[in-house]
Amino acid sequence: MSERTTIARHAGTVLAGQLAVMAFGVTDTIVAGRHSAGALAALSIGSAIYVSIYVALMGALQALLPIWAEQRGAGEREGIGRTVRQALYLCAIACAIGMAVLVSPGAILRWTQVPEDLRAVVGSYLGVLALALPPALLFRVYSTLNQALGRPQLVTWLQVGSLLVKIPLSIWFTFGGVGVPAQGAVGCAWATLLVNYALLGVSLWLLNTQPLYVPLGLWRRMEKPDWKQIGRFAQLGVPAGLAILVEVTSFTLMALFIARQGNVAAAAHQIASNLTAVLYMVPLSLSIAISARVSFWIGSGNEAQARAAAWMGFRLSAGTGIVLAAILFIAKDHIAPFYTSSAQVALLTASLLTWVSCYHVADALQTVCVFVLRCYRVTLAPLIVYCVMLWGAGLSGGYFLAYEGTPGVGPLRSPAAFWGASAAALSITAAIFVAMLAITLKPGKPLPPPAS
């Protein structure tokens, strides 16, 4: 099987699972919206807080993929089991941090000026999700391990199957029935909790019964924390998690700033954001598959093959990014009415999708670059670039164009100001990352030292 086919099959499998996970949020949004406007508002606020915390912690654990893929490439099967057990200590730290924030959201709710009548419901929603966080992060460890082993199929089947469980549970707990009282948005959280523990239970059963995992020796006695090893994990994971947090919060804050422009602007921005998130799943899935192969060859000591896989993956991600962006641009006038019956919202959305097309090309390039750079232990510089460009040039630049204006033009007061600035900032980010990748993959450069 060719390298391109291996990566494409891996990425396609991951993509199916990622879209199933995205459908969790879509399900809850529809169910809560059908229940009441208050439930939808509470869900919107609560999920934004939870997702910001979860994806940052998830990113820290996802960044361990290169370590296990390298060990697989080096034939260190039992070493994988040892580093997985050590990774559980990092996961426990992540759970403690995340749960502490979720059970005490008062400061966040006051800072974001959430209405008083919603705070109690949002607090209850986040309290339930605090209990759902440990199984979610432990399942992420299982998912990352399978991706590193080049076997993401089991994870995808579990994610797709869990969606079939999540839908009826969310409806049941939200609206009540059969002895269960209606709980509104909090019902969606309870459904998520049950699904997360079910996913964890099935994954533990698979780890204990499937021949794939036997050579890893996963079920041996837990060693004491190896803080030097955990520190190496953190060097990869913490910058990766913070980088994802910067990306997520730049989107969250953009939505808050645009909200003051009125319902039409907010609705158009929501549609544009949704399409951006769906399109992002493609380069994300490709990048996971590419980083697994690059790290495999690094672990094998084959510098030339690692470099070839990285550049082949880069071309694949760039090509798919350009194709998807072109389709979006051509079909923008037909896509917008599919989301809304409002002519005003559809017209504004169509104009924003031009910027989304440009944004996606840059997103596809920067995503694959940052994943491959992590394989070579380049993590801090990308984080700094993200902070400067996404928070600085993108978010701050968009705010300036929207509400301050340039001399002779004045404030634009349109979400296009934010999308234009963000697209420009991400394009510069992608250019910087491509240059960093070219330097890192320069022929003759030594392979990175093992992180295990």
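For the structure, see preceding data.
Residues numbered from 1 in each chain as written. Predicted model: local features only at pLDDT ≥ 70, side-chain atom pairs only at ≥ 80, totals over all residues. Heavy atoms only, no water.

For the rest of this paragraph, the subject is the overall build of the chain. Looking only at helices and strands, the chain has 14 helices and 0 strands in total. Secondary structure elements of the chain occur, N-terminal to C-terminal, as α-α-α-α-α-α-α-α-α-α-α-α-α-α. With respect to the three principal axes, the spread of C-alpha positions in the chain is 60 × 60 × 40 Å. In the chain, buried positions account for 52% of the 452 residues. The long-range share in the chain, meaning contacts at least 24 apart out of those at least 6 apart in sequence, stands at 81%. Roughly 19100 Å² of accessible area belongs to the chain as shown, and the carbon and sulfur atoms make up 69% of that amount. The distance from the centre of the 27 positive side-chain charges to the centre of the 14 negative ones in the chain is 5 Å. (Helix = DSSP H or I, 4+ residues; strand = E, 2+ residues; numbered from the N terminus. Buried < 20%, exposed > 50% of the residue type's maximum accessible area, 1.4 Å probe, protein only. Contact = heavy atoms within 4.5 Å. Areas by Shrake-Rupley, 256 points an atom, 1.4 Å probe, with all protein chains shown as cover. Lys, Arg positive; Asp, Glu negative; His and termini not counted. Charge placed at Lys NZ, Arg CZ, Asp CG, Glu CD.)

This part takes up the environment of Ala 191. Examined against the element boundaries, Ala 191 turns out to sit in helix H8 (residues 185-209). Sequence separation between Ala 191 and Ala 336 is 145 residues, and the spatial gap between their C-alpha atoms is 31 Å. Discounting chain neighbours no more than four positions away, the residues touching Ala 191 are Lys 166, Leu 169, Ser 170 and Phe 173.

Below, the discussion takes up the environment of Leu 15. Inspection of the secondary structure puts Leu 15 in helix H1 (residues 3-35). You can call Leu 15 partly exposed: its relative accessible area is 22%. The spacing of Leu 15 and Met 281 is 266 residues in sequence and 6.3 Å in space, taken between C-alpha atoms. Once you skip the residues sitting within four places of it in the chain, Leu 15 turns out to touch Met 281, Val 282 and Ser 285.

Its location among the elements puts Thr 440 in helix H14 (residues 415-440). For Thr 440, a relative accessible area of 15% translates into the label buried. Among the polar contacts made by the side chain of Thr 440, one reaches the main-chain carbonyl oxygen of Met 436 at a distance of 2.8 Å. With near-sequence residues (within four places) excluded, Thr 440 lies in contact with Leu 373, Tyr 376, Val 378 and Lys 445. (Polar contact = N/O pair within 3.5 Å; in protein donor to acceptor, adjacent residues only side chain to side chain.)

Note that every value here comes from positions in space, so none of it alone points to a role or purpose.
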